[in-house]
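# Geometric and topological summary
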Amino acid sequence: MILNKLETNRKTEFTRRCIGEAVIKLLKSNPFEQLKISEISKVAGVSRTSFYQYYTTPYSVLKDYLNIIVSEYLLADEELNDGRKFFDCSHILFSFNFFDQYAEFFLTLAKNQLHSILLEAVNDFMIKYIKTDHEISIYKLYAYAGALLNSFLKWEENGKQEKAEDIAIALEGFIM
């Protein structure tokens, strides 16, 4: 029974990833407003029924895909966390390097003026995972989240000309 549930979860995540990657692929050559569910389903290799099993709109696909990325981030951070604090330079560097794996996703959203999805996700992350562990103003966390997101996007957009370490050092003291 447990094995069947695990296999179902893997299939579900695989399908959701395929749909998310299809939306990103289509966004490279189509405006967001022109995305069609039938085209997303075709590129993802799933039926329209499968699409609607998980999502209602392309917007909901992107939000979910970002949630999958954040879940991976939390798992990776938990595995590697050796006492680092969230605001430390080493953690900022870890974050930049982790999210760099998904640069295509972030840059495609930015190019399509879908920053609101990213900003909403980073704000939600701060409330859900950081605020409970720190005695810090939520508005400082929002400012920090915005600084991290904007710095990461600009670093990616500029072709990562600077070392991630240098950016992490510059951002380390921002919140305190």
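Refer to the structure above for everything that follows.
Rules behind the numbers
Residues numbered from 1 in each chain as written. Predicted model: local features only at pLDDT ≥ 70, side-chain atom pairs only at ≥ 80, totals over all residues. Heavy atoms only, no water. 1 Å grid on protein atoms, 1.4 Å probe; cavity = no way out; pocket = protein on both sides within 12 Å on 5 of 7 lines; lining within 4 Å. Points joined across faces, edges and corners; volume = space filled by probe spheres on them. Helix = DSSP H or I, 4+ residues; strand = E, 2+ residues; numbered from the N terminus. Core = buried A, V, L, I, M, F, W, Y, C linked by side-chain atoms within 4.5 Å. Buried < 20%, exposed > 50% of the residue type's maximum accessible area, 1.4 Å probe, protein only. Contact = heavy atoms within 4.5 Å.

With that settled, the discussion passes to empty space enclosed by the protein. Scanning all chains against the criterion turns up one cavity of 30 Å³ or more. Taken as a whole, the largest cavity encloses approximately 320 Å³ of empty space. What lines the largest cavity is a set of 16 residues, and nearest its centre among them are Phe99, Phe106, Val122, Leu148 and Leu149. Those elements that provide at least two residues to the lining of the largest cavity are helix H4 (58-80), helix H5 (89-100), helix H7 (115-130) and helix H8 (138-157).

A few words now on the nonpolar core. Of all hydrophobic cores here, the largest spans 60 residues; its most connected members are Ile40, Leu62, Phe96, Phe105 and Phe106. Elements with a contribution of two residues or more to this core: helix H1 (2-27), helix H2 (37-44), H4, H5, helix H6 (103-111), H7, H8 and helix H9 (164-172). Ranked by residues supplied to this core, first place goes to H8 with 10 residues.

Our next topic: the side chain of Ser41. Relative to the helices and strands, Ser41 resides in helix H2. For Ser41, a relative accessible area of 2% gives the class buried. In contact with Ser41, other than residues within four places in its own chain, are Val46, Ser47, Arg48 and Phe51.

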